[in-house]
Amino acid sequence: MKIQLSISLLASDRPAALERCLDSLRPLLMQVPSELIVIVTGTDERVRELASRYTDQIIPFEWCDDFSAARNTGLSAAKGEWFMYLDDDEWFEDITEIRDFFLSGEYKNYGTAFYKVRNYLNWDGVQYFDFDAFRMCRITPDIRFENPVHEELVPRRGASKFFGSYVHHYGYVVDKNKPDTGKTSRNIPLLLGNIRSNPDYIKNYIQITQEYYVRGEWEKAEEYCRKGRRLCRGKSGVEWYVQWFQVYWADIQAAKGDDAAARKQILSILEKEKAGELTKLCLYRKLALLCTRLKKHGETLRYGKEFEKLLAYMEENPRLWEEQGYGDINEGRIKKPQELVLGRLRCAEAAFYLEDAGEAAGFLKLLPWEDEAQVQMYYPLFDGWNGQNGEVFLGIFRKLNGCAVQNPYVRFRTALLHDIEKTKGRAEEQTPPEIFVSCISQTVSLYLQQKILEAAALSGMELVGFAEALDLDSWNLCVHQIVESLPVSELSAMEKAAGDLQAQAPLHGLWLKKLIREKQLLREYPAGSELVRRLAGYSQCVLSYYKRQYREELFEEKEGEFLPPDCRFALYASKALKRMEEQRFPDAVHLFRSALRAYPAMTGVVQEVIRQMKNRLENPVPDAGEEFRMLAGQMKQSLSMLTEQGQYAQAQPVMQQLCSLLPEDLELLRIRQRLLVKMSGERKNADTMSILR
């Protein structure tokens, strides 16, 4: 059996990375007649041992700062019809497409092939850029690698196959603590040396521009981009390079931060230079971004429409993607889902500011509404539009609804729009609650679940269906956000809904009630016996919630530390309140302190309870029997009469006696103030008469 594919890779001292790389190649090696050649450039014996598990062809290479020399070593050993190469810090996501290319015999129709390299910009794996890497070709006697860095196979012959398959690559991520490490730090000196020895080789300028761009060194990137563009002038067969420089020139200008200057330079490229369709797509997108930042909404809309028109043309002529693509300037760059969504959102927002609901709806229609994972993060943006200009926002969603967009957010907003029409007499019936329940069941967005639930609660809908549609964790998060966002004055209606819900969905209802009572305790400033009553009710609610979920023995004193913080607070607080009733105040204070250690959020409430307890200790109230109350009433009545009659000398000892007996009596407090005011006025008059005499 002939060897169809020779796979060669360079292995440095990175055994962990190498293992992942080799593991991703295993299905290809097992299913396609192929061989693996490992060129070892380091000294770590673990690398040799690991490579030996996959192949016998392990070739040592003494590193000499020349990637082409190392690659040619592997190429010389290859016995296959085709050759493929990669690095040990790259690994394939899926090799199915490449496997089928060989097993089906399709490879016989091509001379070269490209797979994608996905270069990540951060370790989180979110931000990246793809480029089509020329990494595969038919082996011919004169095939070889050239250039010491960013090496390439020459000559290229035959038709090219472009794979969607890609390798992951984190080699360009820069460690913030070690900014001078990484591939760019290694590659830049090699490229500079090659430029000195071969100053007319255009591709070196492409590579070093990209290296400096990745490092964020805009001035250096601009310098070499300018030199590369200059070398291209008057030469034929360099169209790919010219377009690459045009796009990167625009990217560099935008990255430098002077948006107005960047806009001017990009417009100059479009007006004065020849640019292909793929380049224009990149430039239109960049212009729309710059104009958004410059608040030139009309221009944002204009370039967004030019982009969409040209994109449709490219889709009708797909050969242009391959004919004009080069490196990371390719179809994948244009069609990257997140970039497409952001570009269309910018244009929709520009149309919104221009109060053009039709244009805004047109761009929003292009969003991937059916894939909610891609659009859910923008729901708050849309709601922000509603807050800025409700009429335009409603106009947009009227038109969007006409496009039959299937998405829970659109359905929810359409339902609310219908209810607004009902209030204006333009619709016959209110939207049935089942529509809102359906929306909350279908969405994966916690933000949207919260908005739907809030609208339902404030409109007086029964909440049972919504509770059944949400798991308890999602429900708890949603109602927490809702209660936090509502003013205290609107919580009483929510508490009634919680009470109604508790009968059919006890946990959901109790949690909502708990959040409401907690906010009321903290924000309504209850005092005296009302504060104590509310704290007792809150604690009972919390304990009821958790006792439905935890074993009874966990609520015993020794096991209580395993309970959630708010539950431990309620447990301690309920015991403290009982000690207060028994007038065992030191014990109550000790328990309240334990409660706060568990749940500091209730510090203000507990401080106020302790303050009132301290007042009771310092000013104990006698056992107020019926006879005492009658006597106190008579004394207050006498005190009022003495005050009104100006008999202040007689009134003062009575006042002093009553204040010690009734320290919390508000009626006595008012009488005392009247007495003091009158006495003060009397002294002032006496002083005035003394001066006059």
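Quick summary incoming for the structure in this document.

Quick notes on the rules
- Residues numbered from 1 in each chain as written.
- Predicted model: local features only at pLDDT ≥ 70, side-chain atom pairs only at ≥ 80, totals over all residues.
- Heavy atoms only, no water.
- Helix = DSSP H or I, 4+ residues; strand = E, 2+ residues; numbered from the N terminus.
- Rg over C-alpha atoms; globule rule 2.2 N^0.38 Å.
- Buried < 20%, exposed > 50% of the residue type's maximum accessible area, 1.4 Å probe, protein only.
- Contact = heavy atoms within 4.5 Å.
- Areas by Shrake-Rupley, 256 points an atom, 1.4 Å probe, with all protein chains shown as cover.
- Lys, Arg positive; Asp, Glu negative; His and termini not counted.
- Charge placed at Lys NZ, Arg CZ, Asp CG, Glu CD.
- Core = buried A, V, L, I, M, F, W, Y, C linked by side-chain atoms within 4.5 Å.
- Pairing = 2+ DSSP bridges.
- Right-handed = clockwise from strand over helix to strand, strands pointing away.
- Axes fitted to C-alpha atoms, helices over the stretch in contact; angles between N-to-C directions.
- Parallel < 35°, antiparallel > 145°, perpendicular 65-115°, else oblique.
- Nonpolar A, V, L, I, M, F, W, Y, C, P; charged D, E, K, R; others polar.
- Phe/Tyr/Trp six-rings, centres within 6.5 Å; stacked < 30°, edge-to-face > 60°.
- Lys NZ or Arg CZ within 6 Å of the ring centre and 35° of its normal.
- Disulfide = S-S within 2.5 Å.
- Polar contact = N/O pair within 3.5 Å; in protein donor to acceptor, adjacent residues only side chain to side chain.
- Expected span 1.5 Å × (residues − 1).
- Arc of directions from axis to C-beta.
- Salt bridge = Lys/Arg side-chain N within 4 Å of Asp/Glu carboxyl O.

### Concerning the overall build of the chain
Helix and strand content of the chain: 32 helices and 10 strands. Its C-alpha atoms give the chain a radius of gyration of 39 Å, more than 25% over the compact-globule value 26 Å for 693 residues. For the chain, the C-alpha atoms occupy an extent of roughly 125 × 65 × 60 Å along the three principal directions. For the chain, with 693 residues in total, the buried portion stands at 48%. Across the chain, every contact between residues at least 6 apart in sequence was considered, and the portion connecting residues at least 24 apart equals 66%. As displayed, the chain offers around 34900 Å² of accessible surface, 50% of which is attributable to carbon and sulfur atoms. Put simply, the chain has 93 plus and 100 minus side-chain charges, and the middle of one group is 4 Å from the middle of the other.

### Description of the nonpolar core
Core analysis: the largest hydrophobic core is formed by 96 residues, its most contacted members being Phe 382 and Trp 475. With residues up to four places along the chain from it excluded, the contact list for Phe 382 reads Leu 345, Leu 364, Leu 367, Trp 369, Phe 393 and Tyr 409.

### As for the pairing of strand S1 (residues 5-11)
When you tally the buried positions in S1, you get 7 out of 7 residues, the bulk of the element. On S1, burial covers both faces: Leu 5, Ile 7, Leu 9 and Ala 11 on one face and Ser 6, Ser 8 and Leu 10 on the other are all buried. As judged from the 7 bridges shared by S1 and strand S2 (residues 34-40), these two strands associate in the parallel manner. When the bridges of S2 are listed, Leu 10 appears paired with Ile 39. Remark: the S1/helix H1 (residues 15-31)/S2 crossover connection has right-handed handedness.

### Overview of the packing of helix H8 (residues 239-255) against helix H10 (residues 277-293)
Relative orientation of the contacting elements H8 and H10 amounts to 10 degrees, with a least axis distance of 9 Å. In this view, H8 runs roughly parallel relative to H10, as classed from their interaxial angle. Contacts from Gln 243, Gln 246, Val 247, Ala 250, Asp 251 and Ala 254 in H8 reach Thr 279, Cys 282, Leu 283, Lys 286, Leu 290 and Arg 293 in H10. Its residues assigned to classes, the contact of H8 with H10 comprises 6 nonpolar, 3 polar and 3 charged.

### Concerning the packing of aromatic side chains
Following the criterion strictly, the structure yields 41 aromatic pairs and no others. Ring geometry for Trp 511 and Tyr 545: centres 5.0 Å apart, planes at 45 degrees, overall tilted. One end of the pair, Trp 511, is in helix H25 (residues 506-523); the other, Tyr 545, is in helix H26 (residues 528-547), with 34 residues separating them in the sequence. Each member of the pair, Trp 511 as well as Tyr 545, carries the same accessibility label: buried. Among the aromatic residues, those joined into a cluster by ring pairs are Phe 352, Tyr 353, Trp 369, Tyr 379, Phe 382, Trp 385, Phe 393, Phe 397 and Tyr 409. The ring of Trp 91 is capped by Arg 20, whose NZ or CZ atom sits 4.5 Å from the centre of that ring.

### Observations regarding the environment of Gln 450
Of note, Gln 450 is situated in helix H21 (residues 446-458). Along the primary structure Gln 450 and Cys 64 are separated by 386 residues, whereas in three dimensions their C-alpha atoms are 61 Å apart. Ignoring sequence-local partners within four residues, the contact set of Gln 450 consists of Cys 478, Gln 481 and Ile 482.

### Looking at the sheet that holds strand S10 (residues 160-169)
Ordered in space as S3-S2-S1-S4-S7-S6-S10-S5, the 8 strands form an open sheet in which the pairing is mixed. Sheet topology places strand S3 (58-60) and strand S5 (90-92) at the edges, where each strand pairs with a single neighbour. The mean inter-strand angle of the sheet, taken between neighbouring strand axes irrespective of direction, is 30 degrees. Contacting S1, S2, S3 and strand S4 (82-87), helix H3 (residues 67-77) crosses the sheet at an angle of about 145 degrees to S2.

### So, the state of the cysteines
Counted by the stated rule, this structure contains 0 disulfides. Free of any disulfide, Cys 137 has its nearest cysteine sulfur in Cys 21, 18 Å distant. Cysteine Cys 541 remains unbridged, with the sulfur of Cys 567 as its closest cysteine sulfur at 11 Å. Residue Cys 541 is classed as buried on the basis of its relative accessible area, which comes to 4%.

### So, the side chain of Asn 407
Note on placement: Asn 407 falls in the loop between helix H18 (390-402) and helix H19 (408-423). The exposure class of Asn 407 is buried, given its relative accessible area of 1%. A polar side-chain atom of Asn 407 sits 2.8 Å from the main-chain amide nitrogen of Tyr 409. Only 3.2 Å separates the side chain of Asn 407 from the backbone nitrogen of Val 410, close enough to count as a polar contact. Setting aside anything within four residues of it in sequence, one finds Asn 407 in contact with Trp 369, Glu 372, Val 375 and Tyr 379.

### Considering the pairing of S10
Within S10, 7 of the 10 residues are buried, which leaves it mostly tucked inside the rest of the structure. With 3 bridges joining them, S5 and S10 adopt antiparallel strand pairing. Opposite Glu 90, over in S10, you have His 169 as the bridge partner. Relative to S10, strand S6 (residues 112-120) is paired through 7 bridges, and the arrangement is parallel.

### Things to note about the environment of Leu 22
Inspection of the secondary structure assignment puts Leu 22 in helix H1. Residue classification places Leu 22 among the buried positions, given a relative accessible area of 0%. Put simply, Leu 22 and Glu 90 are 68 residues apart on the chain and 9.4 Å apart in space, counted from C-alpha to C-alpha. With residues up to four places along the chain from it excluded, the contact list for Leu 22 reads Leu 9, Leu 36, Leu 50, Ala 51 and Tyr 54.

### Details of helix H24 (residues 491-502)
The terminal C-alpha atoms of H24 lie 16 Å apart, and with 12 residues this matches the ideal 16 Å at 1.5 Å per residue to within 8%. Of the residues making up H24, those classed as buried are Leu 491, Met 494, Ala 497, Ala 498 and Leu 501. Here the buried residues of H24 occupy an arc of 115 degrees about the axis, which is enough to place them on one side. For H24, the exposed residues lying more than 90 degrees away from the buried face are Ala 493 and Lys 496.

### Focus on the pattern of salt bridges
All chains considered together, the criterion is met by 45 salt bridges. A salt bridge links Lys 256 to Glu 222; the shortest N-O distance between them is 2.7 Å. Residue Lys 256 is found in the loop between H8 and helix H9 (259-272), and its partner Glu 222 is found in helix H7 (residues 218-232); the two are separated by 34 residues along the sequence. With relative accessibility at 35%, the residue Lys 256 sits in the partly exposed group. Note on Glu 222: relative accessible area 7%, which makes it buried. Residue Lys 305 pairs with Glu 359 through a salt bridge whose shortest N-O separation is 2.9 Å. Within this pair, whereas Lys 305 is found in helix H11 (residues 297-316), its partner Glu 359 is found in helix H15 (residues 357-365), the two being separated by 54 residues in sequence.

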